[in-house]
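Fold and geometry: a report
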Amino acid sequence: MRAGSGYDVHRLVPGRKLIMGGVDIPHDKGLLGHSDADVLLHAVCDALLGAAGLGDIGRHFPDADQRYKGISSLTLLAEVGRLLADNGFRVNNIDATIVAEQPKMAPHIPAMIANIAGTVKVDRSAVNVKATTTEGLGFTGTGEGIAAYAVCTITQA
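So, here is what we can say about the structure in this document. (Residues numbered from 1 in each chain as written. Predicted model: local features only at pLDDT ≥ 70, side-chain atom pairs only at ≥ 80, totals over all residues. Heavy atoms only, no water.)

1. So, the overall build of the protein
For clarity, the threshold we go by: Here a strand is any run of E in DSSP of at least two residues, a helix any run of H or I of at least four, and the numbering for each starts at the N terminus. Radius of gyration means the value over C-alpha atoms here, while the globule rule gives 2.2 Å times the residue count to the 0.38 power. Exposure is judged per residue with a 1.4 Å probe applied to protein chains only, and the accessible area is read against the type maximum: over 50% gives exposed, under 20% gives buried, and values in between give partly exposed. Computed with a 1.4 Å probe, the accessible areas rest on the Shrake-Rupley method; for each residue, only the protein chains presented here act as cover.
Across its full length, the protein holds five helices and seven strands. Tracing the protein from N to C terminus, the helices and strands come up as β-β-β-β-α-α-α-β-α-β-α-β. The C-alpha radius of gyration computed for the protein amounts to 15 Å, which stays within 12% of the reference 15 Å derived for 157 residues, consistent with globular compactness. For the protein, the spread of C-alpha atoms along the three principal axes comes to 40 × 35 × 25 Å. Expressed as a percentage of the 157 residues in the protein, the buried residues total 50%. Carbon and sulfur atoms make up 53% of the accessible area of the protein, which totals about 7,400 Å².

2. Some remarks on the sheet that holds strand β7 (residues 145-156)
So the rule is basically this: In short, DSSP must find at least two bridges between two strands for them to pair. Contacts between residues were defined by any pair of non-hydrogen atoms, one from each residue, lying within 4.5 Å. To obtain an axis, a line is fitted to C-alpha atoms, over the contacting stretch when the element is a helix, and the angle between two such axes runs from 0 to 180 degrees between their N-to-C directions.
In spatial order, the strands read β4-β1-β7-β5-β6; together these five strands make up an open sheet with mixed pairing. Only two strands of the sheet have a single neighbouring strand rather than two, namely β4 (30-31) and β6 (127-132). On the sheet, helix α1 (residues 39-52) packs against β1 (2-13), β4, β5 (89-99), β6 and β7 and is oriented at approximately 155° with respect to β1.

3. Focus: the packing of α1 against helix α3 (residues 73-86)
The following threshold applies: The cut-offs work like this: below 35 degrees is roughly parallel, past 145 is roughly antiparallel, 65 to 115 is roughly perpendicular, and the gaps in between are oblique. When residues are sorted by character, Ala, Val, Leu, Ile, Met, Phe, Trp, Tyr, Cys and Pro go into the nonpolar class, Asp, Glu, Lys and Arg into the charged class, and all the rest, Gly among them, into the polar class.
Contact geometry for α1 and α3: axes closest at 10 Å, N-to-C directions at 10°. Put simply, α1 runs roughly parallel to α3. Residue-level inspection shows L41, H42, V44, C45, L48, L49 and A52 of α1 in contact with α3, the latter providing S73, L74, L76, L77, V80, L83 and L84. Partitioning the contact of α1 with α3 into residue classes produces 12 nonpolar, two polar and no charged.

Shown next, in the form of structure tokens:
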């Protein structure tokens, strides 16, 4: 068994969709980034890549590469799943936390779990997503951005 951790953060800006866990969440701002800026999926990708010793999301999907401009992070997660399989690993479990003051994530978490589980081909019970606030403190508390953390375990296939 191998474990990995991931972290990502993006700034909230007007004029962008807010995509979290592959779910389009109604909000007056979205996350700024080269791809769809889905911090949850980026943290999950980094955790999986780290567990497999395969670097990080920036190494595999650099923001200087126009192929990834505006790309769905579910597509990136699918590619990470393929990389793991190609290297003899399978996902055991994923546990992730979204850190955001607004909007409320709880109503969208079941869809996020379904997206992640379906993309990496595991049972939904192997994926846990939760959300928290920072009680108004820091950049997430003031609504400047959203962060996400992820931890995962993988095993030899």
